[in-house]
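Commentary on secondary and tertiary structure
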Amino acid sequence: MGRLLLAATILAMAMATVGCDQLNQLARSPTTAPKHPKYAAKSQRYVNWKAVLMTGDNEIVAFDNGREKLAQALQAHGIKPQNIRQLTMKKELQSDNVGQSSKKNLALALRNLKLKKGDGCFVHITSHGTPEGIVMRDQAPLSPFDLHRILRRHCKRLPTVVMAVGCYTGVFNSKTLK
């Protein structure tokens, strides 16, 4: 789990230093598989990524804009819409396809994705942050312990990437999640 958090941190840092257009070009660039037969089979492993995208606050429109754009980008890169769950705090954006943000609904969204061997678990959370965790409007913050418990139960030992975006999200790079 620690290596996956490191990968998410590196990706977040790359996004902060590289323009979005440049990042999209990098993501779409063809990669060359290793030529040596010993490594060729390993390079062709496929992970069926499934994602939950959640905002924790409705105060800033950028939170939901980011959630919506990320959902579009994931679909553009081959993740099926039925494998993406979205949660928001903005009541006017909630629908059959976008639920209300809460710790309970994060866990339910992961459960409803029916994660199994061969799947990957991607969780993106954006909100304000505190030293205790991610701000969840009118709720207790989502702490590293809360997220660890949810991931352990629903993502199990599957490849897992968590991208927490907000102030103080460094608290999620803790021993609790490693």
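This text gives an overview of the structure that appears in the document. (Residues numbered from 1 in each chain as written. Predicted model: local features only at pLDDT ≥ 70, side-chain atom pairs only at ≥ 80, totals over all residues. Heavy atoms only, no water.)

Attention now goes to the overall build of the chain. Secondary structure assignment for the chain yields six helices and seven strands. When its helices and strands are written in sequence order, the chain yields α-α-α-β-α-β-β-α-β-β-β-α-β. Each of the 178 residues in the chain was classed as buried or not, and the buried ones make up 37%. Residue pairs at least 24 apart in sequence account for 73% of intrachain contacts in the chain once pairs closer than 6 positions are excluded. Taken as a whole, the chain presents about 11000 Å² of accessible surface, with 55% of it coming from carbon and sulfur. (Helix = DSSP H or I, 4+ residues; strand = E, 2+ residues; numbered from the N terminus. Buried < 20%, exposed > 50% of the residue type's maximum accessible area, 1.4 Å probe, protein only. Contact = heavy atoms within 4.5 Å. Areas by Shrake-Rupley, 256 points an atom, 1.4 Å probe, with all protein chains shown as cover.)

Before going further, it helps to spend a moment on the sheet that holds strand β3 (residues 98-100). Spatial strand order, β3-β2-β1-β4-β7: five strands in an open sheet with parallel pairing. At either end of the open sheet lies a strand with only one pairing partner, and these are β3 and β7 (160-165). Strand-to-strand twist in this sheet, taken as the mean axis angle between neighbours without regard to direction, amounts to 20°. Bridge count for strand β1 (residues 48-55) against strand β2 (residues 84-88) is four bridges, and the pairing is parallel. Its bridge partner lying in β2, V52 is registered against R85. Where helix α4 (residues 61-76) meets the sheet, its contacts fall on β1, β2, β3 and β4 (119-126), and the angle it forms with β2 comes to roughly 175°. (Pairing = 2+ DSSP bridges. Axes fitted to C-alpha atoms, helices over the stretch in contact; angles between N-to-C directions.)

It is worth spelling out the environment of I125 at this point. For I125, the location among the structural elements is in strand β4. Spatially, the C-alpha atom of I125 lies 9.8 Å from that of L106, the residues being 19 residues apart in sequence. Sequence-distant contacts of I125, defined by excluding residues within four places in its chain, comprise M54, L106, I134, L142, L147, M163, A164 and V165.

On inspection of all chains with the given rule, the structure shows one disulfide. Covalently, C121 is tied to C155 through a disulfide, its sulfur atoms 1.9 Å apart. Placement of the pair is C121 in strand β4 and C155 in the loop between α6 (144-154) and β7, with a sequence separation of 34 residues. For C121, a relative accessible area of 0% gives the class buried. (Disulfide = S-S within 2.5 Å.)

Right, let's get into the pairing of β4. Among the eight residues that make up β4, eight are buried, leaving the element largely enclosed by the rest of the structure. Covered by surrounding structure in β4 are D119, C121, V123 and I125 together with G120, F122, H124 and T126, the residues of both alternating faces. Examined bridge by bridge, β1 and β4 share eight bridges and lie parallel to one another. Pairing of V52 across the sheet is with V123, part of β4. Relative to β7, β4 runs parallel, the two being bridged by six bridges. Of the residues in β7, the one forming a bridge with T126 is V165.

The subject of this paragraph is the pattern of salt bridges. In total, this model carries eight salt bridges according to the counting rule given. Ionic pairing is found between R67 and D64, a salt bridge with its closest N-O pair at 2.9 Å. One end of the pair is R67 and the other is D64, both in helix α4 and three residues apart, which spans about a single turn. D64 matches R67 in its accessibility class, with the two residues each being buried. (Salt bridge = Lys/Arg side-chain N within 4 Å of Asp/Glu carboxyl O.)

Next up on the list: the side chain of S127. Position of S127 relative to the elements: it lies in the loop between β4 and β5 (129-130). For S127, a relative accessible area of 2% corresponds to the buried category. A distance of 3.5 Å separates the side chain of S127 from the backbone nitrogen of D57, its partner in a polar contact. Engagement of the side chain of S127 in a polar contact is seen with the backbone oxygen of V135, the distance being 2.7 Å. With residues up to four places along the chain from it excluded, the contact list for S127 reads G56, D57, F63, I134, V135, V165, G166 and C167. (Polar contact = N/O pair within 3.5 Å; in protein donor to acceptor, adjacent residues only side chain to side chain.)

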